[in-house]
Amino acid sequence: AVLGWAVRTAISPFYQREVRHVVARKIPPQSPYAAEVRGKARVEGECVTVDSLEALRQIEKDIPSSMTYSLADLQTYITQGCVIFFVFALPTKERARAFAGYGIYQRGVITILGRKKKSPFDLLFGIFREMLPAYRGQRYSDILRETREAYCHLHGVKFLGGTIAPDNRPS
């Protein structure tokens with residue numbers, strides 16, 4: 001074990017191996033993740049689907065600069081044909097509508113570690129998803145998931161896919 005560690009430490013500056021698992025599933029007629037199916041309380045929020053620059057301009061004032069991707073990056077994804085789902089927590093007495101997270105997806109393309117390949121089947125492939133730390137674990141991902149599946153049903157998409165890093169235990 002020590003010898004293996006020493007060899008990896010010596011070689012790693014010259015060689016780095018990244019691994020991702022590709023996952024895909026067929027979209028069911030009714031989501032098994034829906035709150036009413038699981039019998040759990042649904043979090044109050046909304047999800048906005050953005051597939052054009054004009055739609056992005058309408059909500060850009062609500063998007064914080066603390067996200068992983070900048071507004072310019074999101075505009076680039078939109079021009080490449082991606083769909084972005086933005087999740088917002090509903091307004092309360094204490095605050096206005098709050099940005100909770102987002103997901104970037106592309107139809108018909110598989111993207112792994114920056115490489116793109118056309119998909120042989122009708123697939124909506126997840127490129128990136130982020131929930132802000134204050135909203136993690138509060139079921140806002142359910143809103144994103146339900147909206148994404150509704151989008152797929154509306155546009156005739158049959159499969160959802162994405163990549164997962166082996167060390168990403170929650171995924």
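In what follows, the structure referred to is the one given above.
Summarised in this report is the structure supplied together with it.

Parameters at a glance
- Along each chain, residue indices are assigned from 1 in the same order as the chain's sequence is written.
- With pLDDT at 70 or above as the cut-off, local features in this predicted model cover only qualifying residues; side-chain atom pairs require 80 or more to be listed or tallied, and sums for whole chains, interfaces and linings still use all residues.
- With hydrogens and water excluded, all non-hydrogen atoms of the structure serve as input to the side-chain values.
- Only DSSP runs of H or I reaching four residues or more are called helices, and only runs of E reaching two or more are called strands; each is numbered from the N terminus.
- Buried residues are those whose accessible area, probed at 1.4 Å on protein chains only, stays under 20% of the maximum for their type, while exposed residues exceed 50% and partly exposed ones sit between those limits.
- A helix's residues, less one, multiplied by 1.5 Å, set its expected span.
- Two strands qualify as a pair provided DSSP detects at least 2 bridges between them.
- Note on definitions: angles span 0 to 180 degrees between N-to-C directions of axes, and those axes are lines fitted to C-alpha atoms, for helices only across the stretch in contact.
- Contacts are assigned to residue pairs with any non-hydrogen atoms lying within 4.5 Å of each other.
- The directions from the helix axis to the C-beta atoms are what the arc is built from.
- Under the pairing criterion, centres of Phe, Tyr and Trp rings, with the six-membered ring standing for Trp, must be within 6.5 Å; the plane angle then separates stacked pairs below 30 degrees from edge-to-face pairs above 60, leaving the rest tilted.

### As for unusual backbone geometry
With phi around 75°, arginine 139 is a residue other than glycine that occupies positive phi space. Looking at the secondary structure, you find arginine 139 in the loop between β7 (123-131) and α5 (140-155). On the accessibility criterion, arginine 139 (31% relative accessible area) is partly exposed.

### With respect to α5
The terminal C-alpha atoms of α5 lie 23 Å apart, and with 16 residues this matches the ideal 22 Å at 1.5 Å per residue to within 8%. In terms of residue burial, α5 counts as a mostly covered element, since 12 of its 16 residues are buried. If you check which residues of α5 are buried, you get Tyr140, Ser141, Asp142, Ile143, Leu144, Arg145, Glu146, Thr147, Arg148, Glu149, Tyr151 and Cys152.

### Considering the sheet that holds strand β1 (residues 21-26)
Spatial ordering of the open sheet is given by β1-β8-β7-β4-β3-β2, a layout of six strands whose pairing is mixed. For this open sheet the edge positions go to β1 and β2 (45-50), each flanked by a neighbour on one side alone. Going across the sheet, the axis of each strand differs from the next one's by a mean of 25°, ignoring polarity. The pairing of β1 with strand β8 (residues 159-164) spans six bridges and is classified as antiparallel. Looking across to β8, one finds that valine 22 is bridged to threonine 163. Sitting on the sheet, helix α4 (residues 71-79) touches β2, β3 (82-89), β4 (98-107) and β7, and the angle it makes with β3 is about 135°.

### As for the environment of glycine 108
Within the fold, glycine 108 resides in the loop between β4 and β5 (109-112). On the basis of relative accessible area, glycine 108 is assigned to the buried category, the value being 14%. Sequence separation between glycine 108 and valine 157 is 49 residues, and the spatial gap between their C-alpha atoms is 9.2 Å.

### Describing α4
Among the residues of α4, those classed as buried are Leu74, Tyr77 and Ile78. Projected onto a plane normal to the axis of α4, the buried residues spread over an arc of 100° and lie on a single side. The inward-facing, buried residues of α4 abut β2, α3 (53-59), β3, β4 and β7. Positive backbone phi, at 95°, marks glycine 81, one or two positions downstream of α4.

### Description of the packing of aromatic side chains
Inspection of every chain in the model, using the stated rule, returns 11 aromatic pairs. Their ring planes at 80° and their centres at 5.6 Å tell us that phenylalanine 85 and tyrosine 151 sit as a pair that is edge-to-face. One end of the pair, phenylalanine 85, is in strand β3; the other, tyrosine 151, is in helix α5, and 66 residues separate them in sequence. Owing to a relative accessible area of 0%, phenylalanine 85 belongs among the buried residues under this scheme. When the ring of phenylalanine 121 is compared with that of phenylalanine 159, the centres are 5.0 Å apart and the planes differ by 70°; the resulting orientation is edge-to-face. Residue phenylalanine 121 is located in the loop between β6 (115-118) and β7, and its partner phenylalanine 159 is located in strand β8; the two are separated by 38 residues in the primary sequence. A relative accessible area of 36% places phenylalanine 121 in the partly exposed class.

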